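Structure at a glance
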Amino acid sequence: LCLWDAATSSTSTPRFALTEHQAAVKAFAWSPHERNLLATGGGTADRTIKFWNGQTGAMLNSIDTGSQVCALQWNPFEKEILSSHGFARNQLCLWKYPTMAKVKEFEGHTARVLHMACSPDGGTVVSAAADETLRFWNIFEAPHKLSTKRSALDAQGAKSKKLNYGGSCCCR
C-alpha cells in the first residue's frame with residue numbers, strides 16, 4: 001500500500017510504502033473522527049484490519065479478523081468500523097475503535113460481501129455480495145437514538161432487507 005503526498009504527487013516515489021499486509025489490500029477507509037487515521041483490510045492470506053497514521057506512516061494497530069476483509073465502512077456517529085468478509089461466513093462485523101472489541105456480527109449473505117456504502121443520513125448500510133444480492137442493514141444510528149438502537153440490536157440482531165439484482169452489471 002503506497003501513500004503519496006498530494007503536493008508532490010508528480011514524483012514517482014510514494015511518501016510511504018506500507019508493507020505490513022501479507023496479501024493484497026482489499027479495503028480501505030479514512031476515519032471521519034480522527035485526522036489522518038486510515039484503516040486497511042487484507043485479503044485471504046492476511047485477514048487483518050490495520051490502522052495507520054497517514055501523516056507519519058506508522059502502523060497503529062492490527063487485528064486478525066479470521067477471514068478475508070473485503071470492505072470497510074466507518075460509523076459516522078461513533079468510533080466504530082464495520083468490516084465485510086468472505087469465506088467462510090460471508091458476514092459483516094462491527095468493531096469498537098480503538099479497542100477493536102467486536103460489537104456484533106451480521107449474517108445473511110451466502111457469498112463474499114464485496115462492497116458497502118452508507119446512506120446519506122448515516123443510519124443504513126447497503127452491502128453487495130457475490131451472491132448477487134444487496135442487503136440493507138440498519139446498523140448505525142445518530143447518537144440520540146443510539147441507546148435504543150443498541151438495545152434492539154442486542155435483543156434481536158440487526159434486520160436486513162434483501163434485494164436481488166440478478167446477474168452482473170456492466171457499464172460501457
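See the structure above.
Anyway, here's the lowdown on the structure attached to this text. (Residues numbered from 1 in each chain as written. Predicted model: local features only at pLDDT ≥ 70, side-chain atom pairs only at ≥ 80, totals over all residues. Heavy atoms only, no water.)

1. Brief notes about the overall build of the protein
Our working rule: Labels follow the DSSP assignment, with helices taken as runs of H or I lasting at least four residues and strands as runs of E lasting at least two, numbered in each case from the N terminus. Buried means the residue's accessible area, taken with a 1.4 Å probe over protein chains only, is under 20% of the maximum for its type, while exposed means over 50%, and partly exposed covers the values in between. The contact definition used throughout considers only heavy atoms, calling two residues in contact when any of these lie within 4.5 Å. Residue-level accessible areas treat just the shown protein chains as cover; the underlying method is Shrake-Rupley with a 1.4 Å probe.
Looking only at helices and strands, the protein features one helix and 14 strands. Per-residue burial over the protein gives 43% buried out of 172 residues. A sequence separation of at least 24 residues applies to 39% of the contacts in the protein between residues at least 6 apart. A total accessible area of about 9,300 Å² is found for the protein, and carbon and sulfur atoms account for 52% of it.

2. Observations regarding the pattern of salt bridges
Once their charged atoms are close, side chains differing in charge can pair, the charge on each being opposite to the other. Selection rule: By definition here, a salt bridge exists when the distance from a side-chain nitrogen of Lys or Arg to a carboxyl oxygen of Asp or Glu is within 4 Å.
Across all of its chains, the model carries six salt bridges by this definition. The salt bridge partner of Lys79 is Glu34, with a shortest N-O separation of 3.2 Å. Of the two residues, Lys79 sits in the loop between β7 (69-74) and β8 (80-85) while Glu34 sits in the loop between β3 (25-30) and β4 (37-42), which places them 45 residues apart along the sequence. On the basis of relative accessibility, which here comes to 29%, the residue Glu34 falls in the partly exposed class. We note a salt bridge from Arg47 to Asp64, for which the minimum N-O separation is 2.6 Å. Residue Arg47 is found in the loop between β4 and β5 (48-53), and its partner Asp64 is found in strand β6 (residues 59-64); the two are separated by 17 residues along the sequence.

3. Regarding the pairing of strand β10 (residues 101-106)
Inclusion rule: For two strands to be treated as a pair, DSSP must find at least two bridges joining them.
Two strands pair when backbone bridges link them, and strand β9 (residues 92-96) and β10 are joined in this way by five bridges, in the antiparallel orientation. Its bridge partner being in β10, Lys96 is matched across the sheet by Ala101. The turn joining β9 and β10, which pair antiparallel and follow one another in sequence, is formed by four residues; a positive phi near 60° is taken by Met100.

4. Let's talk about the packing of aromatic side chains
Formally: Stacked, edge-to-face and tilted labels apply to pairs of Phe, Tyr and Trp rings (six-membered ring for Trp) whose centres lie within 6.5 Å, assigned for plane angles under 30 degrees, over 60, and everything in between, in that order.
Counted by the stated rule, this structure contains four aromatic pairs. Summarising the aromatic geometry, the rings of Phe51 and Tyr97 are spaced 4.8 Å apart at their centres and angled 45° between planes, so their arrangement reads as tilted. Separated by 46 residues along the polypeptide, Phe51 in strand β5 and Tyr97 in the loop between β9 and β10 bring together distant segments of the chain. The exposure class assigned to Phe51 is buried, which follows from its relative accessible area of 0%. Under the relative-accessibility criterion, Tyr97 is labelled buried at 9%. One aromatic cluster is present, formed by Phe51, Trp74 and Tyr97 through successive ring pairs.

5. Observations regarding the environment of Gln55
Mapped onto the elements of the fold, Gln55 is located in the loop between β5 and β6. Residues contacting Gln55, with those up to four places away along its chain left out, are Arg15, Phe16 and Asn36.

6. Describing the sheet that holds β6
Stated precisely, the cut-off is as follows: Whenever a helix is involved, its axis is fitted only over the stretch in contact; in every case the axis is a line through C-alpha atoms, and angles between N-to-C directions fall within 0 to 180 degrees.
Strand order across the open sheet formed by four strands is β3-β4-β5-β6, with antiparallel pairing between neighbours. With partners counted over all chains shown, the strands left at the sheet margins are β3 and β6, one partner each. The average angle at which neighbouring strand axes cross in this sheet is 15°, direction not considered. Here β3 pairs with β4 via five bridges, running antiparallel. Bridge pairing links Val25 to Gly42 in β4.

7. Some thoughts on unusual backbone geometry
The phi torsion of most residues other than glycine is negative, and most of the peptide bonds are trans. Backbone torsion omega between Phe87 and Ala88 reads 15°, so that peptide bond is classified as cis. With respect to the element layout, Ala88 can be found in the loop between β8 and β9. A cis amide bond links Tyr97 to the next residue, Pro98, at an omega of 10°. Counting through the fold element by element, Pro98 comes out in the loop between β9 and β10. Residues other than glycine seldom take positive phi values, yet Arg47 does so here, at roughly 65°. Of note, the phi angle at Asn90 is positive, near 50°, even though the residue is not glycine. According to the relative accessible area criterion, Asn90 is buried, its value standing at 11%.

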